[in-house]
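Chain and residue survey
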Amino acid sequence: MAIKVYVISNSEAIQYCLNDDVEGFKEYPASDEMLAVPSAEYLDTEAETLAFCVGIGYGTNERATPDFYPLRS
């Protein structure tokens, strides 16, 4: 079974994820008509998924808001 990973790049949506605000994250797309829904990346194994997600954050400042945030199924 393939694992889906969505890479969020909208800074406000990322803030909802970082603050564990699930309700705010679910409501946000309805409030912003211009928000693009990212396409999913499909990976075959948990190891590939972990490597993909770690690679997204590689070399970034851990104290700053990330530019990309992975959400996986």
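The structure contained in this document is the topic of the report that follows. Residue indices follow the written sequence of each chain, beginning from 1 at its first position. Side-chain atom pairs in this predicted model are given and counted only at pLDDT of 80 or more, local residue features only at pLDDT of at least 70, and totals for whole chains, interfaces and linings cover all residues. Side-chain metrics in this entry use all non-hydrogen atoms of the structure; hydrogen atoms and water are not considered.

1. Quick word on the overall build of the protein
The helix and strand inventory of the protein stands at three helices and three strands. Scanning the protein from its N terminus toward the C terminus, one meets helices and strands in the order β-α-α-β-α-β. The principal-axis extent of the C-alpha atoms belonging to the protein is close to 35 × 30 × 20 Å. With 73 residues in all, the protein has 15% of them scored as buried. Contact definition: two residues touch when any of their heavy atoms are within 4.5 Å. The contacts in the protein between residues at least 6 apart in sequence include a share of 74% that link residues at least 24 apart. Comment: elements are numbered from the N terminus, with helices defined as DSSP H or I runs of at least four residues and strands as E runs of at least two. Only protein chains enter the accessibility calculation, which uses a 1.4 Å probe; a residue whose area is less than 20% of its type maximum is buried, one above 50% is exposed, and one in between is partly exposed.

2. Re unusual backbone geometry
A positive phi angle, close to 55°, is found at Asp20, a residue other than glycine. With respect to the helices and strands, Asp20 occurs in the loop between α1 (11-18) and α2 (22-31).

3. Considering the packing of α1 against α2
Relative to each other, α1 and α2 sit at 160°, their axes nearing to 8 Å. On the basis of their axis angle, the class for α1 and α2 is roughly antiparallel. Regarding α1 and α2, the two cross each other, and that crossing is left-handed. Where α1 approaches α2, its residues Glu12, Ala13, Tyr16 and Cys17 are matched on the opposing element by Gly24, Phe25 and Tyr28. A breakdown of the residues in the contact of α1 with α2 according to their chemical character gives five nonpolar, one polar and one charged. The axes are straight lines fitted to the C-alpha atoms, using for helices just the contacting stretch, and the angles between their N-to-C directions are given from 0 to 180°. Any angle between 65 and 115 degrees counts as roughly perpendicular, while under 35 counts as roughly parallel, over 145 as roughly antiparallel, and the rest as oblique. In this scheme the crossing of two helices becomes right-handed for a clockwise turn of the near helix relative to the far one and left-handed for an anticlockwise turn of less than a right angle. Throughout this entry, Asp, Glu, Lys and Arg are counted as charged residues, while Ala, Val, Leu, Ile, Met, Phe, Trp, Tyr, Cys and Pro are counted as nonpolar. The remaining residues, Gly among them, count as polar.

4. Observations regarding the packing of aromatic side chains
We call Phe, Tyr and Trp rings a pair once their centres come within 6.5 Å, taking the six-membered ring for Trp, and we label the pair stacked below 30 degrees between planes, edge-to-face above 60, and tilted otherwise. Enumeration over the complete set of coordinates arrives at one aromatic pair. Ring geometry for Tyr16 and Tyr28: centres 5.7 Å apart, planes at 50°, overall tilted. Taken together, the residues Tyr16 in helix α1 and Tyr28 in helix α2 connect sequence positions 12 residues apart. Using a relative accessible area of 7% as the deciding quantity, one classes Tyr28 as buried.

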